[in-house]
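Below, each chain spelled out in residue letters.
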Amino acid sequence: MNWIVQNLWLVPALPILAAGISALAKRKSRVLAASLAIGSMAISFLLSLWAFAHVLWLRNHGEASLQIFDFRWFQFGNQWLSLGWVLNPLTAVMLVMVTFVGLLIFIYSVGYMAHDENFTRFFCFLALFAGAMLGVVIANSLLLLFMCWEIVGLTSYLLIGFWYSNPKAAAAGKKAFIVTRIGDIPFFLGMVWLYGQSGTLLFYNGGAGCLEPSAINYLVAQTTTIGICAATGIALLIFCGAVGKSGQFPLHVWLPDAMEGPTPVSALIHAATMVAAGVFLVARVYPLMSAHAGIASVLTTSTALQAVTWVGSITALFGALIAVAQYDIKRILAYSTVSQLGYMMMGLGVGGVSVGMFHLITHAFFKSLLFLGAGSVIHGCSGEQDIRRMGGLGRLMPVTFATYAVGMLALCGFPLLFSGFWSKDEILHAAHTWNISQAPFYMGAFAALLTAFYMSRQVFYVFGGKSRLAEETADLSHSLASPDTTNHHGSSAPHESPAVMTIPLMILSVFALLLGFLGTPAWPWFQSFLEDTQAPLDFSAFSTGGMLPVMLSSSVIVLLGLTIGWWFYGRKPIESVDAPDNVGRLSPSIFSALGNALYFDAIYGATFVKLNTQLSKISDWLDRWVWNGAVQTVTQIVFGFAYLDNFLDTHVVNSGFDGGCQGVSRSGQILSLLQAGRIQRYLKIVAGALIVFTILLLWKAKI
Amino acid sequence: MSPMSGYLLLSALLFSIGLAGALTRRNAILVLIGIELMLNAANLNFIAFWRYGPNPEALTGVMFAIFSISVAAAEAAVGLSIILAVYRHSKTTNLDKMNSMKG
Amino acid sequence: MPEIIDQIFVLSKHWLLGYVPAGLQPVFSALLSVVPVLIAFPLLFAITTVLERKGLGRMQNRYGPNRTGPFGILQPMADGIKSLTKEDIIPRTADHLVHLLAPLLLVTASFLVYAVLPIGRNMVIANLNAGVLFFFAVGSMVELAVFMAGWSSRSKYSLLGAMRAIAQMISYEMPLVLASVVVIMAAGSLSTVAIVNMQASYTGIWPHWYVFTPWGLTGFVIFLIAATAESNRCPFDLPEGESEIIAGYYIEYSGFKFALFFLGEYLGMFATSAMAITLFLGGWAAPFSFLTWIPSYVWFFTKLLTLILVFIWIRGTLPRLRMDQLMNFAWKFMLPLSLINIFGAGVWHYMPAGLLRWLVVTLLVVVSCISLSRGLRRGKWFHVRTYRFAA
Amino acid sequence: MTISFLLLAAITIAGTAAAMSLRNLVHCVLALTLGLVGLAALYLQLGAQFVGFTQILVYVGAVAILAVFAIMMTRSAEPTEPHGSSSFQLSGALIAGIVFAVLAWAVSSGTKALQVQTLQPEASVNQIGVALMHGFVLPLEVIGLLLTAALIGAGVLAMDETRGAR
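These numbers come from a predicted model, not from an experiment.

A. Representation of the overall build of chain C in the model. Across its full length, chain C holds 15 helices and two strands. Looking at the 391 residues of chain C, the share that counts as buried comes to 51%. Long-range contacts, defined here as pairs at least 24 residues apart, represent 75% of the contacts in chain C between residues at least 6 apart. Per element, the accessible surface of chain C, about 18900 Å² overall, is 72% carbon and sulfur.

B. Structural view of the pattern of salt bridges. This structure, assessed with the given rule, holds eight salt bridges over all chains. Across the pair A:E260 and A:K168 runs a salt bridge, and its minimum N-O distance is 3.7 Å. With A:E260 in the loop between α10 (254–257) and α11 (263–272) and A:K168 in helix α7 (residues 167–198), the pair connects residues that are 92 residues apart, well separated along the chain. The class for A:E260 is partly exposed, based on a relative accessible area of 23%. In this structure, C:E52 engages C:R315 in a salt bridge whose closest nitrogen and oxygen atoms are separated by 2.7 Å. Here C:E52, found in helix α3 (residues 25–59), pairs with C:R315, found in helix α13 (residues 296–317); they are 263 residues apart in sequence, far enough to count as distant. Under the relative-accessibility criterion, C:E52 is labelled buried at 2%. Salt bridges sharing partners connect three or more residues here, namely A:E150, A:R181 and A:D184.

C. Broad picture of the environment of A:A272. All names here are of chain A. Secondary-structure assignment places A272 in helix α11. With 94 residues separating them along the chain, A272 and F366 place their C-alpha atoms 9.0 Å apart. Leaving out residues up to four positions away in the same chain, A272 has contacts with M97, V101, A267, A364 and S368.

D. How the structure looks around the packing of helix α5 (residues 119–138) of chain A against helix α12 (residues 274–284) of chain A. Residue and element names in this part refer to chain A. Between α5 and α12, the shortest axis-to-axis distance is 10 Å and the interhelical angle comes to 10°. Comparing the axis directions of α5 and α12 gives the class roughly parallel. Of α12, the residues touching α5 (which contributes F129, M133, V136 and V137) are M274, A277, F280 and R284.

E. Molecular detail of the interface of chain A and chain D. Counting residues at the interface gives 14 residues for chain A, matched by 14 residues for chain D. Each partner contributes to the roughly 1300 Å² buried at the junction of chain A and chain D, and carbon and sulfur atoms together form 77% of this total. Considering only the side of chain A, the residues that lose the most area to chain D are A:K684, A:I691 and A:L698, jointly responsible for 39% of the buried surface there. Taken together, chain A and chain D are joined by zero salt bridges. Across the contact surface, chain A and chain D share one residue pair in polar contact (both at pLDDT 80 or more). Contributing elements (two or more residues each) for the side of chain A that touches chain D: β1 (67–76) and α28 (679–702) of chain A. For the side of chain A that touches chain D, the element with the most residues is α28(A), which contributes nine residues. Residue classes in the side of chain A that touches chain D are distributed as eight nonpolar, four polar and two charged.

F. Spotlight on unusual backbone geometry. Residues and elements named next belong to chain C. At N61, a position not held by glycine, the phi torsion is positive, near 65°. Examined against the element boundaries, N61 turns out to sit in the loop between α3 and α4 (75–85). Although it is not a glycine, R154 sits at a positive phi angle of roughly 55°. With respect to the helices and strands, R154 occurs in the loop between α7 (141–152) and α8 (156–187). When its relative accessible area of 36% is taken as the criterion, R154 is described as partly exposed.

G. Region of interest: the interface of chain B and chain D. The partner chain D presents 83 residues to the 72 residues of chain B that form the contact. Summed over both sides, the interface between chain B and chain D buries roughly 6400 Å², with carbon and sulfur atoms accounting for 77% of that surface. Seen at the junction of chain B and chain D, the total is zero salt bridges. If you look at where chain B meets chain D, you find seven residue pairs in polar contact (both at pLDDT 80 or more). Those elements giving two or more residues to the side of chain B that touches chain D turn out to be α1 (3–24), α2 (28–52) and α3 (60–90) of chain B. In terms of residue count, α3(B) provides more of the side of chain B that touches chain D than any other element does, 24 residues in total. Of the residues in the side of chain B that touches chain D, the class split is 49 nonpolar, 18 polar and five charged.

H. Highlighting the packing of helix α10 (residues 214–230) of chain C against helix α12 (residues 255–280) of chain C. All names here are of chain C. Interaxial distance between α10 and α12 falls to 10 Å at its minimum, and their mutual angle equals 175°. With respect to α12, the axis of α10 lies roughly antiparallel. Contacts from G216, G219, F220, F223 and A227 in α10 reach T272, M275, A276, L279 and F280 in α12. Of the residues that constitute the contact of α10 with α12, the class distribution is seven nonpolar, three polar and no charged.

I. Main features of helix α15 (residues 329–351) of chain A. Residue and element names in this part refer to chain A. For α15, spanning 23 residues, the distance from its first C-alpha to its last is 32 Å, which sits close to the expected 33 Å at 1.5 Å a residue. Among the 23 residues that make up α15, 21 are buried, leaving the element largely enclosed by the rest of the structure. For α15, the side-chain oxygen to backbone nitrogen distance between the N-cap and K330 is 2.9 Å, and the N-cap itself is D328. Where α15 terminates, the next one or two residues include G352, which has phi positive at roughly 105°.

J. Representation of helix α25 (residues 547–570) of chain A. All names here are of chain A. The end-to-end C-alpha distance of α25, which contains 24 residues, comes to 33 Å, matching closely the 34 Å that a straight helix rising 1.5 Å per residue would cover. If you check which residues of α25 are buried, you get M547, V550, M551, S554, S555, I557, V558, G561, L562, G565 and Y569. Where the residues of α25 are buried, they touch α18 (398–412), α19 (419–432) and α20 (439–463).

K. Structural detail: the packing of aromatic side chains. Per the counting criterion, the structure on display carries 50 aromatic pairs over all chains. The interplanar angle of 90° and the centroid separation of 5.4 Å between the aromatic rings of C:F300 and C:F301 together place this pair among those described as edge-to-face. By relative accessible area, C:F301 is classed as partly exposed at 26%. One aromatic cluster is present, formed by A:F106, A:F119, A:F122, A:F123, A:F162 and A:W163 through successive ring pairs. We note A:R181 situated over the ring of A:F177; from NZ or CZ to the ring centre the distance is 4.2 Å. Here the basic side chain of C:R154 rests over the ring of C:W151, its NZ or CZ set 5.0 Å away from the ring centre.

Each value, and the rule that gives it
Residues numbered from 1 in each chain as written. Chains lettered and ligands numbered in written order. Predicted model: local features only at pLDDT ≥ 70, side-chain atom pairs only at ≥ 80, totals over all residues. Heavy atoms only, no water. Helix = DSSP H or I, 4+ residues; strand = E, 2+ residues; numbered from the N terminus. Buried < 20%, exposed > 50% of the residue type's maximum accessible area, 1.4 Å probe, protein only. Contact = heavy atoms within 4.5 Å. Areas by Shrake-Rupley, 256 points an atom, 1.4 Å probe, with all protein chains shown as cover. Salt bridge = Lys/Arg side-chain N within 4 Å of Asp/Glu carboxyl O. Axes fitted to C-alpha atoms, helices over the stretch in contact; angles between N-to-C directions. Parallel < 35°, antiparallel > 145°, perpendicular 65-115°, else oblique. Buried area = accessible area lost by both parts, 1.4 Å probe. Polar contact = N/O pair within 3.5 Å; in protein donor to acceptor, adjacent residues only side chain to side chain. Nonpolar A, V, L, I, M, F, W, Y, C, P; charged D, E, K, R; others polar. Expected span 1.5 Å × (residues − 1). Phe/Tyr/Trp six-rings, centres within 6.5 Å; stacked < 30°, edge-to-face > 60°. Lys NZ or Arg CZ within 6 Å of the ring centre and 35° of its normal.

Here it is in C-alpha cells:
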C-alpha cells in the first residue's frame, strides 16, 4: 500500500495538532499561532497534492482509484469498532480544494485580523476547523465523518461568535449551532438506523462496507412500514444533516446571520468548506442516495434524489430572490451562497456526483474570492458593511475591484470565459434533461437571471459612482465636533488593502477564471475523473443532447440579468445614502419583504417562539372574558342559592362533608410523610421495596 | 454449606450492616460510609461469583469489582466534597438539620 | 563457588527445613524468611542513626557522637536503652487505644512492605504477582498511622503536623506511583522479582538498568524526590519542622513509642530506597558483567547504603521548603513531569531501537522539565530573596 | 469453610459493625478501615490479588484519609451528635435485619442449584491488563472520564466559594 494512503490521516491531523499547540500558547504568541496554522496547512496542502497525484497515477495505470485504509479503534463486547479513511477522486479533489482555499484564507487572515487582540485564539479555531473539515473529507466511516462533522459545527459556533462581546455575533453563533443541530438529529438517527440494518458504518471495506453493492441491495430490499425502502429512509435522514449544514431551504436561516463572524470565517466556512460539507456528504453517500427498488439504472431517479433536487432548486430560487433586496455586502453574498448551494444540490439530484461537485469546486474558489474581496472592501472602509454607504471604490481599490469583478462574473456565469458558466451550465443542462419534471430547470434559469442581476447591483453600488463614505464622515465630524475623533475616523478613508490580503485575491481570481476549462462539455476531464472514465477531447459534444441551446439560452439570461442591473444601477450613479433603491421603487412592499428575507426569521419566531406567547394570550383572553363572565354570572346565581343552601348546609350536609375533608387531609399527611426530603426515609423505602421484590421473586421460584 | 454460600452470606451481612448504618445514623459522612460499605458488599459478591462461578476465565467479576472500586472512589470524593460544601453553608453535618434548599 | 556463596542463605534455609516435620514446613519456611529481615533491617536502622549523626556532624564541622564506645559506634545501644527505660507518658485527654495503636500500625506497615523486596537472587519473602501494587497499597497505610498518632494525642500541634504530613504524603504518592509506572510499562509486570530479572542482563559489560534510559533517569529522579517527601525527610520535613510545629504528629510520644516512630520512619525510608533500587537500579544485579561474582545481596545492600548516604547528604545540604512551595512543587512540577515521562516511555516503546528514540525522548523530557520549571518560577518560587538591612 | 475464612469474616464484620455503631466518627473510620482491610484479605483468599491490593490502596490510602479530612474539616470529630429518636433507629435496624433475613434466605435457597467451581481460577495482573485493553476498553475509557470528572467536580465543590467567585 502506498505511503500516502496509509498516512492520509496526517492531512487533518496536522492542522488539529497546530490548533492544539496554539490553544496552549500564550495570547501574545501571535507569530507562533499564525505560523503554526499556516505551516500545518501548507504541509497538508502538499500532502493533498501528493494524494491527488497518486490518484492520477492510479488512474493512468488502470488500477482501482479507490484506496482505503481501515483500522480497529476499540472493542466493545465481541464487536470491533473500525474507523478508516478513503482515498478516491472525490476525496482527492475535495482535499486539494479545501487545503488550497484554506491556505489562502489563512494567509489573508493574517492581514485581516492583524489588529485583533484575540489573534491567537482565532488561528487556533481556524486550524481546528480546517482539520475537522479535512477529517470529514477523508473519513471512510460514517461515524468518523459524523465526529468531524460535529467538530466542524462546534468550531463554526466558536468562529461565528468569535466577537462574542457583540451580542449579535453571540446570538448568530448560537443560531448556527442550534439550527445545524436540528439537521444533525435526523442525521444521527439515520446513522443509527444504518448501523442497525447493515452492521457497519464503514463506507468501503472490500465488499463489506455500507456503500457497497451487497449492503445497498440488502437495504433496498428492506421495506419500512411507510412503504419506502430502508435505503431511501436512511438517505433522507442523512440528507437532513446535509440540509442543516449546507443551509438548504427550511434550515437556511443561520447562514446569513453567520456573517457576523470575521470575514475570513465567512469565506472559509460559509463559502468554501463547511457549507460544502453538506453537499459533499450527499456526494459521499451517493450510492445510498441513488439506491432504489428495481433495476439500478441511471435514468430513473430515486425518491431521495428527487427530494434533493426539489430542495435544491427551491433553495436556489429562494436565495437568489432574497439576495436582490439586501444592503449588507456580506449578506448579499450569504444569500448568494444559499442560492448556489441549492444549485449544487440540484446538480447532485439531477446529474449525479460530478455535476454537483464541479459546481462545488468552482464555487468554492470564486465565492471565497468574493468574500475575501468583500472583506478587503470592509477592511478598506474601516468596518463599513452597508453598500449604500460605499461607492466609487473602483478607483480607490483597483486590485480589489478587478479581482472582485472576476469573482462576480464567475458567479453570474458570464459566458465562455469564467468557471461559473461551465459548472452552472452543466447543472442546467442536466436539469433540462431530467425526466421527472422541467420545473427545476426553469427555477434554476430564473435564479441565474437573478444572480446576474443582484451581483451587478452590488458591484455598481460598491465600486461605481462616487464615494458616499465621505458624506457619512462629514456627518460624524459634524455631530461629534471633535477634531480628534474626526482624525481618527479620517484615517478610514478608503484605501487599498495590504499585499498579504490582495495576493490571495489575485491567486483566487486566476483560479476563478481558469478552473471552468477542466469541465467543459468538449473536454469533461473533471467529470470523467470523478466517474473514473476517460475524457476525449470532442468538440461535437456541444451540439449533442441539446447542449448548445441550453448554453445559448443561459448566456442570454446572464447577459439580460447584467443589462437589467446596469439599467437600474449603473446608468446613472447612486446619489446619496438615503436614496431609495431603484428597484425598490417599483414595488416597495415586495422589495421590503425580500429585504427581510421573506420574513423567514420572523415566521420561525412567530411560529415556534411566539406560539407559546400567543397561546397564553388566548388563554388569558378566554380566562378574562369568557370564563370569568360565566363564572361571574354563575357566582351571582350561586350567591342566591348559597343563602338558601347555607341553612341546609350547616345543619344537614356539613357533618358528612367535614368527615370527608378530614379523611382527605389525613391521607395527604400520610403521603407527605413519604416525601419529607429525608434521604434516609427514601432509603428505607428502597430497602422495603428490595425486601418485597426479593420475597416475590423467591416465592415465584418456589412455586 | 458450600464455600460460596459462606461468602454470599457474609456479603449479605455486610450489606445489611451498611444499610443499617445508612438508615440509623444522622451524620452525613457516616451515611456515605454506609453506602460505601454496601458497595463493598456487592464487590465481595462479584469476586465470589468469579471465583466459584462457571466462567472464571472471562474475568468479568474481577473487572466489575475493579470498576466498582473506581466508581466508589469517585463517589466518595464527590460525596465528601458535597458534604463539605453543605457544611460551609449550614455549619452542620446532621442530615436532619439539612432541610433547607437555601444557600 | 560464587553461586554457592550467592545462594548460601537460600541453601541453608532449605537445609534447615529438612529437619522440620512436613506438616510444619510452610510455617517454618515463612518464619525463616521473615525473621532475618526482621533482624537485618532494624540493625541497619541502628547503623544508619549513628551514621547519619556522624555524617551530619561532619558536614556541620563537628564530630557528632563519639563518647559511647570506640568512635561512638555504640551510640544506638545507648539510645535504645534510654528510650526503653524512659517513662511512657500518655496525655490525659488522649484516646488511649488509638494512641497505642498508631506506632504499632506504622511499624507493622513499614515491615510489611519488605515482603516483596528482592534482597538477593531468589531472596524474596513473597514473589507476588502484583508486588509493586502491594508495596504502594501497604505503604499507604502509613498515612493512616500518622493520622491516628496526630489525632489521638489531642494536641493542636500534633493534629496540624499530622494533617500536613498526610497532605504531603498524598501529594507525593502520586508522582511516586506514576514514576514507577514507566518501569512497569517497560518490564510488563508488577512483580518485583520479574522487574529485577529484566534488568539483570548485560550488553557487553553494561547492565540493562532502567536508570540508563532517559525516561528511567527522569523516573528515578522523580521517585527519589517523592521518596524523600514520603518519608518526611529534609528538605520536605515540614510535618516535623521544629521551628513551626515542634515535632509534628509524634510530639506527644515519648519513650519506646517514640523510638518506634523513629524506627518506622527509617524503615519506610529504607523500603522506598530499596524499591528505587529494585525499579531503577537493577536490584541485586551487579553494575558490570565482570563483577557478577560478588554475591547479589552484597550488591543490594551496597546500593541501599549508597542511597541512604545520598539521603543524608541531601538532608545536610538543602534547607526546608515552605508549605505552599511544597504543594506547588508536587502538583505543578512533579505530577505533570511524571505524566509526560510516562508518555515518553510509551514513545520509547513504540519507536525502533536506535539513536533517534534516545534523542526524541530526551528532548521531550528535557523540554518539558525546563518549561515546567519556568512555570514554577513565574509564580516566584525559588527566587532570589533580597533583604534590606537596617543601615 | 476454613478457619481463616471465619477469622477474616469475623474481623470484617466486627470492623464494619463498629464503624456503623461507634459514637466517635474518627473511631468509626478507623474501624471501617479495619473492616475493609479484612475484606481485602478475603479477596486475596479468593485469589483476586489485584483487586485486594487495589482495595487497600483505594480505601485505606484514599477513601479513609478523605473521610478523615472531611471529619476534621466539618468539626464532627467530637461525639456531640445526638442520636435520632429511638424509634427511628429501631425501624432502620429492623429494616436492615429484614433485608439480611431475606438475602440469607435467597442465598441459602439459591446456591443449592449452582454448580460450584472448585479449581482456583487465575487472575494475574497480565490477564487483567489484557482484558482491560481488549474486552473492557469502553468501560475503562468511561471510568477514566468519570474519574477525571469526579476529580474536577470534587475540586470545584470543595473550593472556597469566595475564591471560586473571583
